[in-house]
Amino acid sequence: MTIGVCLVRLRIPESHSLKDKRQVVKAMTARIRNRFNVSVAEVDENDRWQTAALGVSCVSNSVQHANEVISHVIDYIEGSHFDVEVLGYEVELVHAL
C-alpha cells in the first residue's frame, strides 16, 4: 500500500477577508474531492486571508498511481479557473505495510 501526501501552498490575491478566502478554499476542496477521489483539507495559514495551505492525500496499491493522482491534482489547481497562485508544493510517497 502506498500513501501519497502533498502540501500545496496557495496565494489568493483577490481575497480581501477570511470570508472571501473560505469561499475559494471550500469550493476548491469540494471540486478536488469530487474529481480525484482524494482527501483534501486546509491544514495551515487558517488566519491569513490571502494565503492557504492545502493537504492532499490518496491511498493506492502502486507508487506510480499515487504519484500520478497527486500530480493531476496539482495540475488541476494550477490550471483551474480559481483565482489562486501556487506558491509551492511538497510531495511525499510513503510505502506502508
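Structure: above.
In this text, all values refer to a predicted model and were calculated from it rather than measured experimentally. (Residues numbered from 1 in each chain as written. Predicted model: local features only at pLDDT ≥ 70, side-chain atom pairs only at ≥ 80, totals over all residues. Heavy atoms only, no water.)

### Observations regarding the packing of aromatic side chains
Part 1 of the argument: By the definition in use, this model includes 1 aromatic pair.
Part 2 of the argument: Taken together, a centroid distance of 5.6 Å and an interplanar angle of 70° make the contact between Phe36 and Tyr76 edge-to-face. With Phe36 in helix α1 (residues 18-36) and Tyr76 in helix α2 (residues 63-79), the pair connects residues that are 40 residues apart, well separated along the chain. (Phe/Tyr/Trp six-rings, centres within 6.5 Å; stacked < 30°, edge-to-face > 60°. Helix = DSSP H or I, 4+ residues; strand = E, 2+ residues; numbered from the N terminus.)

### Regarding the sheet that holds strand β2 (residues 39-44)
Part 1 of the argument: Overall, antiparallel pairing links the 4 strands, which are arranged β2-β3-β1-β4 in an open sheet. Both outer strands of the open sheet, β2 and β4 (85-95), are each paired with one neighbouring strand and no more. Neighbouring strand axes in the sheet, compared pairwise and without regard to direction, differ in orientation by 20° on average.
Part 2 of the argument: In the packing of α1 onto the sheet, contacts are made with β1 (2-11), β2 and β3 (51-60), and the angle to β3 comes to roughly 15°.
Part 3 of the argument: Against the sheet, α2 engages β1, β3 and β4, with an angle of about 170° to β4. (Pairing = 2+ DSSP bridges. Axes fitted to C-alpha atoms, helices over the stretch in contact; angles between N-to-C directions. Contact = heavy atoms within 4.5 Å.)

### Things to note about the environment of Val8
Part 1 of the argument: Note on placement: Val8 falls in strand β1.
Part 2 of the argument: Its relative accessible area of 1% is what places Val8 among the buried residues.
Part 3 of the argument: Sequence-wise, Val8 and Glu92 are 84 residues apart; in three dimensions their C-alpha atoms are separated by 12 Å.
Part 4 of the argument: Other than its neighbours up to four places away in sequence, Val8 contacts Ala52, Ala53, Leu54, Ile77, Val86, Gly88 and Tyr89. (Buried < 20%, exposed > 50% of the residue type's maximum accessible area, 1.4 Å probe, protein only.)

### Here's the deal with the environment of Glu42
Part 1 of the argument: Looking at where Glu42 falls in the secondary structure, it is placed in strand β2.
Part 2 of the argument: Since its relative accessible area comes to 27%, Glu42 is described here as partly exposed.
Part 3 of the argument: Spatially, the C-alpha atom of Glu42 lies 9.0 Å from that of Val56, the residues being 14 residues apart in sequence.
Part 4 of the argument: Beyond its immediate chain neighbours, meaning those up to four positions away, Glu42 contacts Lys21, Val25, Ala52, Ala53 and Leu54.

### Here's the deal with α1
Part 1 of the argument: For α1, with 19 residues, the first-to-last C-alpha span of 26 Å sits near the 27 Å given by 1.5 Å per residue.
Part 2 of the argument: Among all positions of α1, only Lys21, Val25, Met28, Thr29, Ile32 and Phe36 are buried. Down the axis of α1, the buried side of the element spans an arc of 100°, and every buried residue falls inside it. Exposed and oriented more than 90 degrees from the buried face of α1 are Lys19, Arg22, Lys26 and Asn34.
Part 3 of the argument: For α1, the secondary structure elements touched by its buried residues are β1, β2, β3 and α2.
Part 4 of the argument: Just past α1, the residue Asn37 takes up positive phi, approximately 55°. (Expected span 1.5 Å × (residues − 1). Arc of directions from axis to C-beta.)

Shape descriptors only; they carry no functional weight alone.
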